[in-house]
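Coordinates in review
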Amino acid sequence: MLPSKFLLCLSGLCVAGSAAATQVVCHVSYGGETRVIAAQPSREPYALAPQAIGSLFMFRVVFEALPGAPSAVKIYSYVDRDEGVVPIHQATYAHPAATRSQGEFGFAGLQAVYEPLRDGELQYWCEMSSAKVKS
């Protein structure tokens with residue numbers, strides 16, 4: 001029989017007695033620039049504001065940890081149009097999101113979000129990480 005610590009690591013997220021993945025880290029690219037946006041578990045997901053990416057897009061990553069509900073990672077993309085901010089993309093991953101193999105592009109895979117009016121493209125991928133990252 002394998003040690004329980006080893007079994008927990010097989011699921012893709014090592015916890016209990018090892019370096020636990022404590023945050024979601026997203027790598028967001030737009031206009032030739034890549035930014036890193038990190039999110040720690042939150043019991044107040046709606047209090048987290050989106051971050052501007054260039055002059056066109058806004059991006060928000062939420063690591064939901066609500067009492068009595070399953071944890072989830074939610075990723076939102078918005079476009080900042082003249083008439084206001086408009087949501088154009090949303091993705092939800094059940095936590096532990098790392099149950100998928102974290103390959104080259106983490107648990108989310110490489111994603112592309114398009115804004116057709118101004119012909120913009122935002123790309124992102126997200127991973128679970130125990131390293132502290134400032135966004």
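One can find the structure itself at the top, above this paragraph.
Remember, it's a predicted structure, so these values are computed and weren't measured experimentally.

Attention shifts here to the side chain of Arg-81. Topologically, Arg-81 is positioned in strand β6 (residues 72-81). Judged by its relative accessible area of 18%, Arg-81 is buried. Here the side chain of Arg-81 touches Glu-115 through a polar contact of 2.9 Å, side chain to side chain. Once residues lying within four places of it in the same chain are set aside, the contact partners of Arg-81 are Val-86, Glu-115, Leu-117 and Arg-118.

Summarising burial for β6: nine of the ten residues are buried, a large majority. Summarising the sheet, strand β5 (residues 57-64) and β6 pair through eight bridges and their orientation is antiparallel. Opposite Arg-60, over in β6, you have Tyr-76 as the bridge partner. As consecutive antiparallel partners, β6 and strand β7 (residues 84-94) are separated by two residues.

What counts and what doesn't
Each chain has its residues counted from 1, following the order in which its sequence is written. Side-chain atom pairs in this predicted model are given and counted only at pLDDT of 80 or more, local residue features only at pLDDT of at least 70, and totals for whole chains, interfaces and linings cover all residues. For the side-chain quantities, the full set of heavy atoms in the structure was used; hydrogens and water were omitted. In DSSP terms, a helix is any run of H or I states spanning at least four residues, a strand is any run of E spanning at least two, and both are numbered starting from the N terminus. Note on exposure labels: buried denotes an accessible area under 20% of the residue type's maximum, exposed denotes more than 50%, and partly exposed covers the range between, all computed with a 1.4 Å probe on protein chains only. N or O atoms within 3.5 Å of each other form a polar contact, as long as, within protein, one can give a hydrogen and the other can take it, and as long as residues adjacent in sequence are counted only when both atoms are side-chain atoms. The contact criterion used is simple: two residues touch if any of their non-hydrogen atoms lie within 4.5 Å. Pairing between two strands requires that DSSP report at least two bridges joining them.

Any link to function would need more than the numbers given here.
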